[in-house]
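# Structural characterization, general
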Amino acid sequence: MSLRLTGIRHAFGQREILRGVDLHVRPGEILCLLGPSGCGKTTLLRLVAGLEELQAGRIELGGALVGEKGREVPPEQRHVGFVFQDYALFPHLTVAENVAFGLHRIPRGERPWAVTEALARVGLETYAHAYPHMLSGGQQQRVALARALAPRPQVVLLDEAFASLDARLREQVRDDTLHVLQSAGIPAMIVTHDAEEAMFLADRIALMQEGRVIQLGRPEELYLAPADPFVATFLGEVNRLPARIRGARAETAIGPLPLRPGADLAEGPAEVLLRPEGLRVQEEGGTPAEVEACRLLGATTLVHLAVADGAGGLLHLHARLPPGIRLSRGQRVTVAMDPERAFVFPPAAP
Ligand SMILES: Nc1ncnc2c1ncn2[C@@H]1O[C@H](COP(=O)(O)OP(=O)(O)OP(=O)(O)O)[C@@H](O)[C@H]1O
């Protein structure tokens, strides 16, 4: 079971929303469509589900053509499972009846077993006879997932499925969802605008901007080798350092950074983006810096630092250090760069 999208374009009126998207969700793979609001993620998902008329390109599910302009398989015949942000459970049906709702293709006699199996998969078999309002938001979302998976669809699509849950519950439901999707082995395409969520869930991330996939790869590829500053900043916090390319190095206020092999950068001004965990704080042997603030954030300690920018001003930088490290305001330290967490790009447009 896999999903292949080729040359998908879409416009609403004169506005081009999708500008040529090619994607392959492999069997059993979890692919996250990540991008800012309005970049076309939901539209792409709706095209896959058949909820939007295809204008250009092809959609294949499990090797069979389900969408091409003028030749579209209707949504109910596509074997696609859908989970929305607002669960969309039927309030007057029990949990079991909600899950059974999409099982018309399965022989009647097998349906109770399919419902029990789907509810067991999400750990809610004891709630079969409860009504949605008796469940927490997280449990309702798990029912929605069970309902989407019960008919064994070719692909399951999740659209901002965790957005309406509060932070702690969201983490729990995400975690459950990852394990449920992996154990079901059904490929999934998940829409989110939250980079951390995408990194948590995805085997691969397709980062979208203005209707195009800007970079496609494993989360660590996007995080550690971003194709451009947009990808670097979307995937996580960065420090921005003015730089100058000289030979095979980018020179910055906190030392030189060797260019990566194949980097195509002209001599002259550039910009280095440095992940906060790539800013090492040491007692000696780096560039002098002064601690402005130090806060424990739970899993990491965030240190605010001031460094001379080499032109009479100060650069404000963030370092993320292991928890337990305590530095005081005004303390003098030195800083250095971890080249694995630093990326050089042409200078930002003024
Ligand atoms: N039926 C429609 N008619 C006109 N414009 C639409 C329609 N559906 C979506 N749009 C517009 O298309 C653009 C892309 O919407 P889409 O929902 O695909 O983006 P998205 O990346 O999922 O963002 P969001 O997270 O905000 O939903 C938006 O500007 C939206 O206003």
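Position numbers for residues start from 1 in each chain and track the written sequence from start to end. Reporting of local features is limited, given that this is a predicted model, to residues whose pLDDT is at least 70; pairs of side-chain atoms are given and counted only at 80 or more, and all residues count toward the totals for whole chains, interfaces and linings.

Here we take up the sheet that holds strand β8 (residues 155–159). For two strands to be treated as a pair, DSSP must find at least two bridges joining them. To qualify as a helix, a DSSP run of H or I must reach at least 4 residues; to qualify as a strand, a run of E must reach at least 2; elements of each kind are numbered from the N terminus. With mixed pairing, the six strands of this open sheet are ordered in space as β7-β8-β9-β3-β10-β11. Strand pairing shows two members of the sheet lacking a second neighbour, β7 (80–83) and β11 (212–217), which therefore form its edges. Between one strand axis and the next, the sheet turns by 20 degrees as a mean value, whatever way the strands run. Where strand β3 (residues 30–34) and strand β9 (residues 188–192) come together, five bridges link them in parallel fashion. Bridge pairing links Leu 33 to Val 191 in β9. Distance between backbone-placed C-beta atoms decides contact: two residues are in contact if it is within 7 Å. Structural elements are reduced to axes, namely lines fitted to C-alpha atoms, with helices fitted over the stretch in contact, and the angle between N-to-C directions of any two is expressed from 0 to 180 degrees. Here helix α4 (residues 137–149) sits on the sheet in contact with β7 and β8, set at roughly 170 degrees to β7.

What follows is about the pairing of strand β10 (residues 204–209). Looking at chain direction, β3 and β10 are connected through four bridges and run parallel. Residue pairing in the sheet places Leu 31 in a bridge with Arg 204 of β10. Pairing between β10 and β11: five bridges, direction antiparallel. Considered in β11, the bridge of Leu 207 is made with Gln 215. Adjacent in sequence and paired antiparallel, β10 and β11 are bridged by two residues, among which Glu 210 carries a positive phi angle near 45 degrees.

This part is about the site of the ligand. Being near a molecule or strand means, for a residue, that its C-beta atom, positioned from the backbone, comes within 6 Å of it. Near the ligand you find Phe 12, Ile 17, Gly 35, Ser 37, Gly 38, Cys 39, Gly 40, Lys 41, Thr 42, Thr 43 and His 193, and these make up its full shell. Tallying contributions element by element places helix α1 (residues 41–49) first for the shell around the ligand, with three residues.

Next up on the list: α1. The buried fraction of α1 is high, at seven of nine residues. Note on burial: count the other C-beta atoms lying within 10 Å of the residue's C-beta; 20 or more is buried, 12 or fewer is exposed, in between is partly exposed, and C-beta positions come from the backbone. Burial in α1 covers these residues: Lys 41, Thr 43, Leu 44, Leu 45, Leu 47, Val 48 and Ala 49.

Our focus in this paragraph is the domain arrangement of the protein chain. Under the domain assignment used here, the protein chain contains domain 1 (3–229) and domain 2 (237–345). When each unit is reduced to the centre of its C-alpha atoms, the spacing between domain 1 and domain 2 is 39 Å. Facing four residues of domain 1, the contacting portion of domain 2 comprises four residues. Along the lines of polarity and charge, the residues of the side of domain 1 that touches domain 2 split into three nonpolar, no polar and one charged. Boundaries between domains were set according to an automatic or database domain assignment. The residue classification treats Ala, Val, Leu, Ile, Met, Phe, Trp, Tyr, Cys and Pro as nonpolar and Asp, Glu, Lys and Arg as charged. All others, Gly included, are polar.

Our next topic: the environment of Leu 31. Structurally, Leu 31 can be placed in strand β3. The class of Leu 31 is buried, set by 23 C-beta atoms lying within 10 Å. For the pair Leu 31 and Asp 166, spaced 135 residues apart in sequence, the C-alpha to C-alpha distance is 23 Å. In this structure Leu 31 touches Val 25, Met 189, Ala 202, Asp 203, Arg 204 and Ala 206, once residues within four positions along its chain are discounted.

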